[in-house]
There are 2 protein chains.
Amino acid sequence: MRISDLAAEAGVTVKAVRYYESQGLLKPRREANGYRTYDAHDVVVVREVKALLSLGLTAEQTYPFIECLRAGNGRADVCPASLEAYRTRIAEVDRRIAELTDLRARLTDLLTDAENWRTRQL
Amino acid sequence: MRISDLAAEAGVTVKAVRYYESQGLLKPRREANGYRTYDAHDVVVVREVKALLSLGLTAEQTYPFIECLRAGNGRADVCPASLEAYRTRIAEVDRRIAELTDLRARLTDLLTDAENWRTRQL
DNA sequence: CTTGACCTTGACCCTGAGGGCAGGGTTTAG
DNA sequence: CTAAACCCTGCCCTCAGGGTCAAGGTCAAG
């Protein structure tokens, strides 16, 4: 199959597929005319990458999952490195939530303070 | 004062000051040799921009605050547009926290599932 | 065989808030 | 006078692609 077929089947754009390749996540063969050729296995890879990116992992962080697939596993997340990547990402999310929670408190403090200042001025 | 003095007093880098200028937040005069010249008022502006960026506002979103200062107010956040910008940002943060909370739940589900799968395989 | 619709390629610029570096002019201290 | 320290502009980089382009390939109908 060609690139637009792969993109359609995996639910991403052609541009995204080429980007994944530039990140080393895909290595399509080429037809004589230079067109990229993919197989069913690549569809699974692209779907996996898409899912992981939507979880906030970087393209680089999807590497262990793709290697896990390439190693012959039916699932990308059953390898130790994948589990570790999940845990790392959960920790990142926790940190980010804590940051944003603190940020929100600072913002509401600032807003309240500014509102009070205006009230006093009236 | 020159750019490095301004940067030092406001606690940012020279590069950041030039970036704020490129975003229209500063309009320094120029010496005959082309060097930028700033006054004490600019220090206040840069400190304000720095504080707002650290709250996650974009450079563009700091505009109302700087205009509020330029209008002669002692505080950048006592103008209606500034209050509105705070509220907008709080709403953004709330949305983001909700997204991340949902994301975390999905991640822990995936992790648990993958761990269980491994356990069964052993 | 040709036309036209559609596909593919690589290449370029864009995002936000600067960081880093290059190359060159200016100022200031010793 | 010279070297350090400062200033300038301009270019490339981030991340996950989006948008657009020109050039060329493919495939059908006519």
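The structure displayed is predicted, hence computed values, not measured ones.

## What about the overall build of chain A?
Per the secondary structure count, chain A includes 5 helices and 2 strands. Traced from its N-terminal end to its C-terminal end, chain A shows the element sequence α-α-β-β-α-α-α. Expected size for 122 residues packed as a compact globule is a radius of gyration near 14 Å; at 22 Å, chain A overshoots this value by more than 25%. Oriented by its inertia axes, the alpha-carbon framework of chain A measures out at about 75 × 35 × 20 Å. Out of the 122 residues belonging to chain A, those deemed buried represent 22%. Within chain A, residue pairs in contact and separated by at least 24 positions form 41% of the contacts whose partners lie at least 6 positions apart.

## What to know about the protein's contact with DNA strand C
Near DNA strand C you find 15 residues, and of these Arg2(A), Ser4(A), Arg36(A), Ala16(B) and Thr58(B) are the closest. Of all elements in the fold, only helix H1 (3-10) of chain A together with helix H2 (14-22) of chain B reach the threshold of two or more residues within the surface near DNA strand C.

## Structural notes on the protein's contact with DNA strand D
Around DNA strand D sit 15 residues in total, of which Ala16(A), Thr58(A), Arg2(B), Ser4(B) and Arg36(B) are the nearest. Of all elements in the fold, only helix H2 (14-22) of chain A together with helix H1 (3-10) of chain B reach the threshold of two or more residues within the surface near DNA strand D. Considering every element that reaches the surface near DNA strand D, the biggest residue donor is H2(A), with 3 residues.

## Details of the interface of chain A and chain B
Between chain A and chain B, the contact holds 27 residues from the first and 27 residues from the second. Considering only residue class, the side of chain A that touches chain B consists of 14 nonpolar, 4 polar and 9 charged.

## Structural notes on helix H4 (residues 63-70) of chain B
Turning to H4(B), its buried residues number three or more, namely Pro64(B), Phe65(B), Ile66(B), Cys68(B) and Leu69(B). One or two positions beyond H4(B), positive phi appears at Gly72(B), with a value near 105°.

## Section: the relation of the copies chain A and chain B
Between chain A and chain B, the superposition needs a rotation of 180° and an axial shift of 0.0 Å, giving an RMSD of 0.1 Å. Here the two chains are linked by the operation of a two-fold rotation axis. Among all C-alpha atoms of chain A, that of Ile97(A) lies closest to the rotation axis, at 3.0 Å. Of the interface residues in chain A, 100% have counterparts in chain B that sit at the interface too, so the contact is made through matching surfaces.

## Re H1(B)
Residue and element names in this part refer to chain B. Every buried residue belonging to H1 is among Ile3, Leu6, Ala7 and Ala10, and all of these are buried. Taken around the axis of H1, the buried residues stretch over an arc of 100°, which confines them to a single face. Tucked into the core, H1 has its buried residues touching H2, strand S2 (36-37) and helix H3 (40-54). Immediately beyond the C-terminal end of H1, within one or two residues, lies Gly11, with a positive phi of roughly 80°.

## Notes on the environment of Asn116(A)
Residues and elements named next belong to chain A. Looking at where Asn116 falls in the secondary structure, it is placed in helix H5 (residues 80-121). By the C-beta count within 10 Å, which is 10 here, Asn116 ends up exposed. Along the chain, Asn116 and Gly34 lie 82 residues apart, while their C-alpha atoms are 67 Å from each other.

Basis of the calculations
- Residues numbered from 1 in each chain as written.
- Chains lettered and ligands numbered in written order.
- Predicted model: local features only at pLDDT ≥ 70, side-chain atom pairs only at ≥ 80, totals over all residues.
- Helix = DSSP H or I, 4+ residues; strand = E, 2+ residues; numbered from the N terminus.
- Rg over C-alpha atoms; globule rule 2.2 N^0.38 Å.
- Buried ≥ 20, exposed ≤ 12 C-beta atoms within 10 Å, placed from the backbone.
- Contact = placed C-beta atoms within 7 Å.
- Near = placed C-beta within 6 Å.
- Nonpolar A, V, L, I, M, F, W, Y, C, P; charged D, E, K, R; others polar.
- Least-squares fit on C-alpha atoms with pLDDT ≥ 70 in both.
- Arc of directions from axis to C-beta.

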